[in-house]
Amino acid sequence: MASATPAENSGHVSLVDTIRSTLRRMSMDLTAGHENRSSSGTNSGGSGRPNMPHHHHDFHDLAVSDIDDDLESTVVSTRDDTAIKDIEQDEEVDEQDQFDEIDNNDDLSTNPSRNSRLGHSVTMPVSTTFELDNTPPLTALTLVGYRERTKTRLLSPTLAEEIRHLLPLRLQLYDTWRLCYSLEQHGVSLRTLYDLSVPPRGVSRPGYLILVEDTAGGVFGAYMNEYPHPTKNGRYYGNGECFLWKSKVIPRSINGSTTSLPDSASTRSVNIQFKAFPYTGINDYMILCDSMFLSVGGGDGKYGLYLDDRFDKGISASCPAFGNEPLSDTGTKFDVVGVEIWRISSM
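Residues numbered from 1 in each chain as written. Predicted model: local features only at pLDDT ≥ 70, side-chain atom pairs only at ≥ 80, totals over all residues. Heavy atoms only, no water.

Asker: What is the right way to read the overall build of the protein chain from this model?
Answerer: The number of helices and strands found in the protein chain is eight helices and 13 strands. By the burial criterion, 32% of the 347 residues in the protein chain qualify as buried. Within the protein chain, contacts between residues at least 6 apart in sequence are counted, and of these 64% link residues at least 24 apart. Within the structure as shown, the protein chain displays about 21,200 Å² of accessible surface, and the carbon and sulfur contribution to it stands at 52%. (Helix = DSSP H or I, 4+ residues; strand = E, 2+ residues; numbered from the N terminus. Buried < 20%, exposed > 50% of the residue type's maximum accessible area, 1.4 Å probe, protein only. Contact = heavy atoms within 4.5 Å. Areas by Shrake-Rupley, 256 points an atom, 1.4 Å probe, with all protein chains shown as cover.)

Here it is, written out as structure tokens:
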């Protein structure tokens, strides 16, 4: 608690003493004048006014005493007001410091990517954690676009759900994914893949999924925050939402032996091994396409995923953009069996 300074106290005391001495001098002057008038009246042969009782000393003493009490009350009140103002100022400073601390914590907690780059360790508030834990479950996905006679179906509901939880939150809410291109359904043409991937008018910020199957039965690919399209002068596009991934169906064991699932079982719930490789921040080499190839992830002359225009051969090597391992179990080069592009959007 703040208190009045010695200088302030001495100022109040000096004022009181000055007023007291002034009042006493005035009282003494009035008393002397009255005594002179009384004396002159008595010496005038008894013809003057009778002598008045001498109560004026008591009157002036009481007046001075009352004024002293009022002055003391004023000084105390002034000191109290000063102390209250000091306390209020201290409380305002403490409250502002608390708000500043909360603002700093909010800045750290609301930008996790920035915190990771800066090396901050962020603890989410208990209330926020409680809300996240009680978020309603996502509705089941519906995969739209396979024809009835399509045999090679790379995207199963189980695989789709694994990928869904890695998508930006705005896309996780969409429960209908649409097939844009299928190698089996639309033929071998990179240009056709580009044309069918263009989002319809009115669709805002869609996401795209590319799936590739190799001869070893592995299914892998990438998530892209933009639709695949060729660019001029070797310009990369895409942002840090992009990632690479790989999966493999776990064979079932029947009477001590293992067997792979047939293609017709790919739409049912199956057990898979899934691994994702998010953006590392080392470079901005996300998506690069032209009329001769499609690629995702790059740097140091390597591609995280590369497909030629005939969808015959592919390449997958460890690249700085995603720090991934080769997506195909056959090595950095693989033979392509199937290719699909899916759009994730509101329509």
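On we go.
Asker: Could you clarify how one ought to interpret the pattern of salt bridges in this entry?
Answerer: Oppositely charged side chains can form a pair if their charged atoms are brought close together. Within this structure, the stated rule accounts for eight salt bridges. Notably, a salt bridge pairs Arg-170 with Glu-241, separated by 3.1 Å at the nearest N-O pair. Of the two residues, Arg-170 sits in helix 6 (residues 169-172) while Glu-241 sits in the loop between strand 4 (219-224) and strand 5 (243-249), which places them 71 residues apart along the sequence. Residue Glu-241 is classed as partly exposed on the basis of its relative accessible area of 24%. As a salt-bridge pair, Arg-191 and Asp-195 come within 3.3 Å of each other at their nearest N and O atoms. Taken together, the residues span about one helical turn, with Arg-191 and Asp-195 both in helix 8 (residues 190-197) at a distance of four residues. Accessibility expressed as a relative area gives 45% for Asp-195, which makes it partly exposed. A single network of salt bridges, built from pairs that share partners, joins Lys-246, Lys-248, Lys-275, Glu-325 and Asp-329. (Salt bridge = Lys/Arg side-chain N within 4 Å of Asp/Glu carboxyl O.)

Asker: Please clarify how the side chain of Asp-214 should be interpreted in this entry.
Answerer: For Asp-214, the position within the fold is in strand 3 (residues 207-214). For the buried Asp-214, no salt bridge exists, and the shortest N-O distance to an oppositely charged side chain is 8.3 Å, to Lys-246. Side-chain polar atoms of Asp-214 contact the backbone nitrogen of Ala-216, separated by 3.2 Å. A polar contact of 2.9 Å, which involves the side chain of Asp-214, links it to the backbone nitrogen of Gly-218. (Lys, Arg positive; Asp, Glu negative; His and termini not counted. Polar contact = N/O pair within 3.5 Å; in protein donor to acceptor, adjacent residues only side chain to side chain.)

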